[in-house]
Amino acid sequence: MASQGVRTHTCGELRRSHVGQSVALSGWVNSCREMGGALVFVDLRDKYGITQVAFDDSVQAGLRERARGLKGESTIHVRGVVRPRPEGQANKERATGEVEVLAHELEVLGPAKTPPFDLANAESVSDELRLQYRYIDLRRERLQKNLTMRHDVLLALRNRLSSLGFTEVETPILTKATPEGARDYLVPSRVHKGSFYALPQSPQIFKQILMVAGVDKYFQICRCFRDEDLRADRQPEFTQLDVEMSFVEQEHVLAMISAAVAHAVDAVRPGRAPSLPMRSMTWTDAMEKYGSDKPDLRFAVRLADVTEAVRASGFGVFANTAKAGGRVRVLAAPGGGAFSRKEITELEELAKLHGAKGLAWFKASAGALEGGSAKFLAPAEQQALRQATGAQDGDLLLAVADTFDVSAKALGAVRLAVGRKCKLIDPHALEFTWVVDFPLFERDAETGELTPAHHPFCKPKEAYPGQLEQDPAGTLAHSYDLVLNGIELGSGSVRIHDSELQHRVFQRIGLPEKEIRDRFGFVLDCFQFGAPPHAGFAVGLDRLVMILAGEDSIREVIAFPKTATAADLMTGAPTVVPEKQLAEAGVMLLPAVAASGGAA
């Protein structure tokens, strides 16, 4: 009778203490090799490790020949006896390396065709091929460890919050479209033809309603969906830890999330958890010192403002910018004086890519500045730049003169490039920081209209009554981001729980009354039935696990990710839907889309 692969031990379990025991192992053929014609060795692999299995005809006639014919990645089941490896033949690189199994039974459970790529060399294979055959790619030890780490992080967070009295509540996937900063994925309704559900970008409204409902402390490990352009740390569907609490202030949320994240880090990286309380800085400080609202604190280079020092400079670029109300900012690249002209040009192109008109540069030497635009600066101005940046001889000073936003973003991007180029970043460091006091609104780059910097449910931090109407651009929000190694892990805020204040914010972003009622009437109504003050946060779990696993892309910590064009190469999604199915949902494609087979 076939065993169907029932095993007594895993392939990572056997040690010297098991010598003499009869065991049954099941797994994948990792490799097969012959030793002098007398023995065939198979490295048998499963999630837990690799065990060497020896096949010898002296145990059973024909067994060695059957083993010789095994193809890589086939699944097999073996029974045998554990024995020590011969003297001097132990594999010290492997946990099971002191023993092997002398097989007396072999059963092929699932024969395999030749795989499309060798697992041992998968790093050199294209991402497209790996994603097409993801079920093979996932067999790699590295990805197996990533998935296990992901489980451990989620389990640690779930256990920590449960121990603090939080209740896990699921919220709807088929819901109503609300503005949260990205396009919605829409789902047509068959019953309500012409109407659509939206997949949630986050459970934002529902978790606030749960606070009105008296849940008090809610959390959820939830799936979120955003139809936006993708990058290394962004996927169309992602997982976040969603948290909301009643009768708390901002500091309570920061303390709780800090402790929960530290607990999760310690679960998978013992001894690497951040000290508490975590550091924090205001949005203004982050933009001034690092040129980014998600500063990478793994290296010490900072931006310095020298606008006043060069206001009367003979260097027209600096002086004219200062007079026009702009900013002149500069940083020092340690040892950057050795950069070639080509390397400096590459940094200049990077600055231009982020909106700057150019990048001024100066080399620190003999107590002064030389090269680049140094000849346009008076000695006192040169010293002011050196003093502001702390530049030493041999450093390279890089400056951008432009508006507040452009000078920050452009030089902030240059700062990150300098960190990498000068090898200032410790790849193993975990540097957390909270960024607080964000602006409530920001200007749309195309229309110039005010839009919520986070979302329209953040409580304004009005410096005086009526600031929301009189100076909306200068109004801050009770909002906060958690940043790790220059990557935004998540955002949160103290929420608006007053329907009148919520209505004022909707008006301030230009929503007409009818749209306010149609889209948010149920929220405003909800707040009129005893809404408690509440606040919350959401942690991007894919990004957190990516950093803890030492990966550069969240694809490597997601079992079945999409490509940069949001395609699933393994299943072929998205696919064209038959006309009959579209008709049932009350959907008709535009002629141009239908002619292209469904592709826009």
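Above this text is the structure in question.
Below: a short report on this structure. (Residues numbered from 1 in each chain as written. Predicted model: local features only at pLDDT ≥ 70, side-chain atom pairs only at ≥ 80, totals over all residues. Heavy atoms only, no water.)

What follows concerns the sheet that holds strand 23 (residues 487–494). Taken in spatial order, the 8 strands of this open sheet run 6-9-10-24-23-22-17-11, and their pairing is mixed. Edge strands, defined here as strands with exactly one partner in the open sheet, are strand 6 (167–168) and strand 11 (280–282). Across 9 bridges, strand 9 (residues 217–225) lies against strand 10 (residues 237–246) in antiparallel orientation. Looking at the pairing, arginine 223 lines up with threonine 239 of strand 10. Each of strand 10, strand 17 (432–436), strand 22 (479–484), strand 23 and strand 24 (534–540) touches helix 6 (residues 250–268); the most contacted strand, strand 17, lies at about 160° to it. On top of the sheet, helix 15 (residues 541–548) reaches strand 9, strand 10, strand 22, strand 23 and strand 24; it is set at about 145° to strand 23, its chief contact. (Pairing = 2+ DSSP bridges. Helix = DSSP H or I, 4+ residues; strand = E, 2+ residues; numbered from the N terminus. Contact = heavy atoms within 4.5 Å. Axes fitted to C-alpha atoms, helices over the stretch in contact; angles between N-to-C directions.)

Our focus in this paragraph is unusual backbone geometry. In this structure, the amide linkage connecting leucine 276 to the following residue, proline 277, adopts the cis form with an omega of -5°. Between alanine 573 and proline 574 the backbone carries a cis peptide bond, its omega angle lying at 0°. In this fold, proline 574 is placed in the loop between helix 15 and helix 16 (579–584). The phi dihedral of aspartate 437 is positive, around 60°, even though this residue is not glycine. On the secondary structure map, aspartate 437 appears in the loop between strand 17 and strand 18 (441–443). Despite not being glycine, alanine 566 has its phi angle at roughly 60°, a positive value. Within the fold, alanine 566 resides in the loop between helix 15 and helix 16.

It is worth spelling out the environment of leucine 174 at this point. Residue placement: leucine 174 occurs in the loop between strand 6 and strand 7 (186–188). Exposure remark for leucine 174: the relative accessible area of 45% places this residue in the partly exposed category. (Buried < 20%, exposed > 50% of the residue type's maximum accessible area, 1.4 Å probe, protein only.)

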